[in-house]
Amino acid sequence: MTQDKLKKIVGCAALEYIKPDMVVGVGTGSTVAYFIDRLATKKHLIKGAVSSSVASTDKLISLAIPIIDSKDLDGVDIYIDGANEFNPDLMMIKGGGAALTREKVIAAMAKQFIAIADKSKQVDILGEFPLPVEVIPMARSYVSRQLVKLGGMPEYRQNVVTDNGNVILDIYNLKILNPIALENKINAIAGVVTVGLFANRAADIILLATLDGVKKLTAKA
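The sections below set out a description of the structure shown in this document. (Residues numbered from 1 in each chain as written. Predicted model: local features only at pLDDT ≥ 70, side-chain atom pairs only at ≥ 80, totals over all residues. Heavy atoms only, no water.)

A word on the sheet that holds strand 10 (residues 192–195)
The strands making up a sheet associate through hydrogen bonds between their backbones, and the pairing can be parallel or antiparallel.
Next up, step 1: One open sheet accounts for four strands, arranged 8-9-7-10; its pairing is antiparallel. Pairing within the sheet leaves two strands with one partner each, and these edge strands are strand 8 (153–156) and strand 10. Taking each pair of neighbouring strands and ignoring which way they run, the sheet shows an average axis angle of 30°.
Next up, step 2: Pairing of strand 7 (residues 131–135) with strand 10, which is carried by three bridges, proceeds in the antiparallel orientation. Bridge pairing in strand 10 places Val-133 opposite Val-195. (Pairing = 2+ DSSP bridges. Helix = DSSP H or I, 4+ residues; strand = E, 2+ residues; numbered from the N terminus. Axes fitted to C-alpha atoms, helices over the stretch in contact; angles between N-to-C directions.)

Written as structure tokens, this is what we have:
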């Protein structure tokens, strides 16, 4: 079974968590795109969707799914998004699509956070996937030097501007043994908007696409 087929299967599986009158947070990426396709079948039942990126918003609009601005809400009922990597505690690296800041905002607003992923995203220790950091442009060099001090090798993501008008540094050569501590350290660097470590707010559930079907994972006790 191809990876694309696995993404489609898990994107569809997330639909069962969508209930009438929900405000649905929608993430970004190829796996989420399949979820959005399926969400269109319930668009008449939900209150609307809050999106983490311009790309997802455009897709939602194309399917006539009602859009709600996050500024008009105190919270969302559920947030569905993908993951670039996740560990046994359901802590994740996200931001491969450069939407990490808006994704973090919606995750923080969500009563329930469900990540959808295929088996290739499951790791014991985070860090093989480069860790994205959104940075205001004037601080790029300064933040890079601070990230080197933390043991990483930051690389400027060429020709990428986030939906917020910022730039992305991808940190290589990290073995993230304490994701919460590293998230807090990077977020404390002046000029950092946010880091793509979802450790303080990990997923509540991960739906994992495997060759044997979709498995529901919860954090280890």
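Next, the rest of the story.
A word on the environment of Val-195
Next up, step 1: Structurally, the position occupied by Val-195 is in strand 10.
Next up, step 2: Residue Val-195 is classed as buried on the basis of its relative accessible area, which comes to 0%.
Next up, step 3: When the C-alpha atoms of Val-195 and Glu-134 are compared, they prove to be 6.2 Å apart, with 61 residues separating the residues in sequence.
Next up, step 4: Here Val-195 is in contact with Leu-100, Lys-104, Leu-131, Pro-132, Val-133, Glu-183, Ile-186 and Asn-187, once residues within four sequence places are set aside. (Buried < 20%, exposed > 50% of the residue type's maximum accessible area, 1.4 Å probe, protein only. Contact = heavy atoms within 4.5 Å.)

A few points about the nonpolar core
Next up, step 1: In this structure, Ile-18, Val-24, Val-26, Phe-35, Leu-39 and Leu-207 are the most contacted members of the largest nonpolar core, which totals 26 residues.
Next up, step 2: Elements represented by at least two residues in this core include exactly helix 1 (3–13), strand 1 (23–26), helix 2 (30–39), strand 3 (76–81), strand 6 (110–118) and strand 12 (205–210).
Next up, step 3: The element that contributes the greatest number of residues to this core is helix 2, accounting for four residues.
Next up, step 4: Contacts of Phe-35, omitting those with residues within four sequence positions, involve Gly-11, Ala-14, Leu-15, Ile-18, Val-24, Val-26, Ile-80 and Ile-116.
Next up, step 5: Ranked by size, the runner-up nonpolar core spans 23 residues in total, among them Ile-93, Leu-131, Val-135 and Ala-139. (Core = buried A, V, L, I, M, F, W, Y, C linked by side-chain atoms within 4.5 Å.)

What about unusual backbone geometry?
Next up, step 1: The phi dihedral of Asp-21 is positive, around 70°, even though this residue is not glycine.
Next up, step 2: Checked against the element boundaries, Asp-21 lands in the loop between helix 1 and strand 1.
Next up, step 3: Unusually for a residue other than glycine, Ala-64 sits at a positive phi of about 60°.
Next up, step 4: Topologically, Ala-64 is positioned in the loop between helix 3 (54–62) and strand 3.
Next up, step 5: Relative accessible area serves as the criterion here: at 52%, Ala-64 is assigned to the exposed category.

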